[in-house]
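Take a look at the letters that make up each chain.
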Amino acid sequence: MQGLLLKDFYNLKKTMGLLAVMLVVFGVVFIPQGGGLFAGMAILMGTTLTISTMSYDHMAKWDVYALSMPVSRRQMVGEKYLFMLIAAGAGTLIALAGEFVRLASTGAPASAFLDGLLQTVLILSVGLLFGSLMLPLIFKFGVEKARLVMLLSLCLPLVVVWGGGRLVQRSMYAVQPASWLDQVIVLLPVAAAAALGISYLASVRIFEKKEL
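Please read all numbers here as calculations on a predicted model, not as lab measurements.

What follows covers the overall build of the chain. Counting its regular elements, the chain contains eight helices and zero strands. Scanning the chain from its N terminus toward the C terminus, one meets helices and strands in the order α-α-α-α-α-α-α-α. When each of the 212 residues of the chain is scored for burial, the buried share is 42%. Nonlocal contacts in the chain, meaning residues at least 24 apart in sequence, comprise 82% of its contacts between residues at least 6 apart. Summing over all exposed atoms, the chain offers an accessible surface of approximately 11400 Å²; the carbon and sulfur share of this is 71%.

This is the structure:
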């Protein structure tokens, strides 16, 4: 498993440099605005990096080669999910750092950071939900046939997480927040964790039956 992870990180070495530059630019533009847009970009960039690793694997015919080694299909699927969690976690830390910088520059009280933390957790949950939908489809249809799904995974979630950030702000500051909104905020991380487990099992089943 460790070797599979290192392979993906090595493959993305040049891509990560470009993403770092993009995050700096996005941070300068969007962090002062708040609202969770920068957090959404950082987390979703991390989540969708998994697509890039699968694209490189497809071009190099890695799956066929890997199965000639003592690596099971279940391990290959599990590594992609673990990579996604690591990358999404890194995006989350970057998002929290950006929120801390924004609050420190505006002189906001320390308690305001808790609001940003809740907002980031919500955005992370949405990102993992999309990743859970994305991976089984790519395992099923391959990277080339799933291009439309990949396009949606890059564009549509940005709109969703921006709206999610606004919902969190409404829940935190409204005098009488809607009960359904509170339930969404509490249940969304749980739904993301459940979706991740179901998605993993579905991907394993798909990949074990797939002819390479």
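Let us look at the packing of helix 3 (residues 37-59) against helix 5 (residues 73-106). Axis angle and axis distance: for two packed helices, these are the angle between their axes and the distance between the axes, and together they describe the pair. Helix 5 packs onto helix 3 with a crossing angle of 155° between their chain directions and a minimal axis gap of 7 Å. Judged on the interaxial angle alone, helix 5 and helix 3 are roughly antiparallel. Considering how the two elements wind past one another, helix 3 and helix 5 form a crossing that is right-handed. Contacts between helix 3 and helix 5 pair F38, A39, A42, I43, G46, T47, L49, T50, T53, M54 and D57 from the former with K80, F83, M84, A87, A88, G91, T92, I94, A95 and G98 from the latter. Class assignment of the residues belonging to the contact of helix 3 with helix 5 gives a composition of twelve nonpolar, seven polar and two charged.

Further remarks concern the pattern of salt bridges. Within this structure, the stated rule accounts for six salt bridges. With its nearest N and O atoms 3.1 Å apart, the salt bridge here joins K80 to D8. Placement of the pair is K80 in helix 5 and D8 in helix 1 (residues 2-11), with a sequence separation of 72 residues. For the residue pair K80 and D8, the accessibility class agrees, reading buried in each case.

Tallied over the full model, the rule gives five aromatic pairs. Ring centres of Y81 and Y200 lie 5.7 Å apart, and the angle between their planes is 85°; this geometry places the pair in the edge-to-face category. Remark: Y200 occurs in helix 8 (residues 179-209) and Y81 occurs in helix 5; sequence separation between them is 119 residues. When the ring centre of F207 is taken as origin, the NZ or CZ atom of R73, which lies over that ring, is 5.5 Å away.

Attention shifts here to unusual backbone geometry. Negative phi values dominate among residues other than glycine, just as trans dominates among peptide bonds. In the Ramachandran plot, K61 falls in the positive-phi region, its phi being about 55° despite a non-glycine side chain. Among the structural elements, K61 can be located in the loop between helix 3 and helix 4 (62-66). Classification of K61 by relative accessible area gives exposed; the value is 63%.

Once that is clear, we can look at helix 5. Counted at 1.5 Å a residue, the expected span for helix 5 with its 34 residues is 50 Å, and the 50 Å between its end C-alpha atoms agrees. Positioned one or two residues after helix 5, G107 has a phi angle of 70°, which is positive.

Quick look at the environment of P32 now. Relative to the assigned elements, P32 resides in the loop between helix 2 (13-30) and helix 3. For the pair P32 and E99, spaced 67 residues apart in sequence, the C-alpha separation works out to 8.9 Å. Once residues lying within four places of it in the same chain are set aside, the contact partners of P32 are G27 and R102.

Definitions and limits used
Within each chain, residue numbers correspond to sequence positions counted from 1 in written order. Only residues with pLDDT of at least 70 are given local features in this predicted model, and only at 80 or more are side-chain atom pairs given and counted; all residues enter the totals for whole chains, interfaces and linings. Each side-chain value is worked out from all heavy atoms of the structure, with water and hydrogens disregarded. Here a helix means four or more residues in a row that DSSP labels H or I, a strand means two or more in a row labelled E, and each is numbered from the N terminus. Each residue gets one of three labels from its accessible area relative to the maximum for its type: buried under 20%, exposed over 50%, partly exposed in between, using a 1.4 Å probe on protein chains only. The contact criterion used is simple: two residues touch if any of their non-hydrogen atoms lie within 4.5 Å. All accessibility values rest on the Shrake-Rupley procedure with a 1.4 Å probe; residue burial counts only the protein chains present in the view. Fitting a line to C-alpha atoms yields each axis, with helices limited to the stretch in contact; the angle taken between N-to-C directions then spans 0 to 180 degrees. Each angle is binned into one of four classes, with values under 35 degrees roughly parallel, values over 145 roughly antiparallel, values of 65 to 115 roughly perpendicular, and all other values oblique. In this scheme, a crossing is called left-handed if the near helix is turned counterclockwise away from the far one by less than a right angle; it is called right-handed if the turn is clockwise. The classification used treats Ala, Val, Leu, Ile, Met, Phe, Trp, Tyr, Cys and Pro as nonpolar, Asp, Glu, Lys and Arg as charged, and all other residues, Gly among them, as polar. In the sections that follow, a salt bridge refers to a side-chain nitrogen of Lys or Arg positioned within 4 Å of a carboxyl oxygen of Asp or Glu. Pairs were defined over the aromatic rings of Phe, Tyr and Trp, the Trp ring being its six-membered one, requiring ring centres within 6.5 Å. Orientation was assigned from the angle between planes: stacked under 30 degrees, edge-to-face over 60, tilted for the rest. Note on geometry: a ring has a charge over it if NZ (lysine) or CZ (arginine) is within 6 Å of the ring centre and within 35 degrees of the ring normal. Multiplying 1.5 Å by the helix residue count minus one yields the expected span of that helix.

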